[in-house]
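Breakdown of the fold
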Amino acid sequence: WMYDFASKQETEVTTGAGRDATPRFSPDGKQIAYVREGTELHVRDIASGKDTRVATGLLWTWPLLAPEPMAWSHDGKWIAYFSDDKRGFGNVWVVPAVGGEAKPVSGLANGGGGSIAWSPDGKTIFFDTQQRTEDGRIARVDLVPMTPVFREDRFQDLFNEKMTPRSDSAASRKQGTGTAASGAASAADTTHAVKIDFDEIRRRLSLLPTGVDVGSIALSPDGKTLVFSAAAEGQQNLYAYSVDPEHEGPVVTRQITSTPGGKSIPQFTPDGKEV
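Details of the overall build of the protein chain
The helix and strand tally for the protein chain stands at three helices and 18 strands. Here the protein chain holds 275 residues, and the buried ones make up 36% of them. In the protein chain, of all internal contacts separated by at least 6 residues, the share reaching a separation of at least 24 is 45%. Accessible surface for the protein chain amounts to roughly 17000 Å². Of this, 51% is attributable to carbon and sulfur atoms.

Put into structure tokens, the structure is as follows:
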């Protein structure tokens, strides 16, 4: 169902027998991905009502619902989701949002985990993973081979003179190409088209050394910080970990809450300033 806060009206989105769960809006808000009966991943166009089954598998169903079991890519072209194999190992798969061949991007003996985060630049997927009695970890999968960022590169940039071409402000105003137009262009440039190199992609998985028993995760809107729930000394709190390739100094896990009670399923505000 959908609820419209302006009109205070409820609308039934899906119908039929069985359970539909974990709806997730696409980045443009025009589609909803959801799981039917724990075995089918569907995408529904809100305006037209067109409903497409894009993938099948051993997914998730009530009451065994994961906190963030799927994630849209920021260009709206792909969906990442958890699916179990016949041995009960859960791994992350990706499928085109319009339907097509689904492919795995991880191959762990993963006995737990239930939250996925897709980086804003479309190049990385993060997810939590638990293996039997071991502490929870955060796995990182590079969707394309990554070139390391070296400090020497930034140092060299200091000597590269950047020339800013002059513009005729009057002509810009006449043609409507002033600040507003340039701002719109900048906004458009932030949407990166996602490309995935599936060749040996499982070799491009690494585990982040957080040092705590990780639960559900969330990635900041700028893609630079992971926040997650974790248990330490019998107390559950939220922690932060930098995944910024240009982070200065050693990367350490920072505790950001210290209050009693359980905490899970963190979410960032759109501006990234609050959780």
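So, the nonpolar core
Ranked by internal contacts, the top residues of the largest apolar core, which has 33 residues, are Leu41, Ile79, Trp118 and Phe127. Ranked by residues supplied to this core, first place goes to strand β8 (residues 78-84) with five residues. Setting aside its immediate chain neighbours within four residues, leucine 41 contacts Tyr34, Val35, Thr52, Arg53, Val54, Ala55, Leu59, Met70, Ile79, Tyr81 and Val95.

Here we look at the sheet that holds strand β3 (residues 20-25)
One open sheet accounts for four strands, arranged β3-β4-β5-β6; its pairing is antiparallel. For this open sheet the edge positions go to β3 and β6 (51-56), each flanked by a neighbour on one side alone. Along the sheet, successive strands turn relative to each other by an average axial angle of 25°, direction set aside. Inspection of the sheet shows strand β5 (residues 40-45) paired to β6 by five bridges, in the antiparallel sense. When the sheet's bridge partners are listed, glutamate 40 is paired in β6 with threonine 56.

Let's talk about the packing of aromatic side chains
Here the distance between the centres and the angle between the planes together describe a pair of aromatic rings. Under the counting rule described, the total for this entry stands at four aromatic pairs. Seen in terms of ring centroids, tryptophan 78 and phenylalanine 198 are 6.4 Å apart; in terms of plane orientation they differ by 55°. Their pairing is tilted. Taken together, the residues span a long stretch of sequence, with tryptophan 78 in strand β8 and phenylalanine 198 in the loop between α3 (179-189) and β14 (205-208) at a distance of 120 residues. Given a relative accessible area of 16%, tryptophan 78 falls into the buried group. Overall, the relative accessible area of 24% leaves phenylalanine 198 in the partly exposed class.

Here's the deal with the pairing of strand β16 (residues 225-232)
Walk down a regular strand and you will see the side chains alternate between the two sheet faces. Both strand β15 (residues 213-219) and β16 contribute to a ladder of five bridges, which runs antiparallel. The residue of β16 that forms the bridge with valine 214 is alanine 230. As paired strands, β16 and strand β17 (residues 235-242) are joined by eight bridges and run antiparallel to one another. The residue bridging serine 229 from the neighbouring strand is leucine 238, located in β17. Count of turn residues in the β16/β17 antiparallel hairpin: two residues, of which glutamate 233 carries a positive phi of about 55°.

Some details on the sheet that holds strand β18 (residues 254-255)
The four strands lie next to each other as β15-β16-β17-β18, forming an open sheet whose pairing is antiparallel. Both edges of this open sheet fall to β15 and β18, since each of them pairs with a single strand only.

A word on the environment of proline 67
Turning to its location among the elements, proline 67 is positioned in the loop between β6 and β7 (70-72). The exposure class assigned to proline 67 is partly exposed, which follows from its relative accessible area of 27%. Residues proline 67 and serine 115, spaced 48 residues apart in sequence, show a C-alpha to C-alpha distance of 5.9 Å. Sequence-distant contacts of proline 67, defined by excluding residues within four places in its chain, comprise Arg24, Gly114, Ser115, Ser216 and Ile265.

Quick word on the confidence of the model for the protein chain
For the protein chain, per-residue confidence averages 86 on the pLDDT scale, and 85% of positions sit at 70 or higher. Within the model, pLDDT remains below 50 along residues 167-190, and this stretch shows four contacts once partners closer than five positions in the same chain are excluded.

Digging into unusual backbone geometry
The backbone phi angle of lysine 8 is positive, close to 60°, even though this residue is not glycine. Mapped onto the fold, lysine 8 is located in the loop between β1 (2-4) and β2 (9-11). Lysine 8 sits in the exposed class, given a relative accessible area of 61%.

What to know about the environment of alanine 55
Counting through the fold element by element, alanine 55 comes out in strand β6. Alanine 55 gets classed as buried once you look at its relative accessible area, which sits at 8%. Distance in space between the C-alpha atoms of alanine 55 and leucine 41 is 5.1 Å, their sequence separation being 14 residues. Once you skip the residues sitting within four places of it in the chain, alanine 55 turns out to touch Thr39, Glu40, Leu41, Tyr81 and Val95.

The rules behind the values
- Residues numbered from 1 in each chain as written.
- Predicted model: local features only at pLDDT ≥ 70, side-chain atom pairs only at ≥ 80, totals over all residues.
- Heavy atoms only, no water.
- Helix = DSSP H or I, 4+ residues; strand = E, 2+ residues; numbered from the N terminus.
- Buried < 20%, exposed > 50% of the residue type's maximum accessible area, 1.4 Å probe, protein only.
- Contact = heavy atoms within 4.5 Å.
- Areas by Shrake-Rupley, 256 points an atom, 1.4 Å probe, with all protein chains shown as cover.
- Core = buried A, V, L, I, M, F, W, Y, C linked by side-chain atoms within 4.5 Å.
- Pairing = 2+ DSSP bridges.
- Axes fitted to C-alpha atoms, helices over the stretch in contact; angles between N-to-C directions.
- Phe/Tyr/Trp six-rings, centres within 6.5 Å; stacked < 30°, edge-to-face > 60°.
- pLDDT = per-residue confidence, 0-100.

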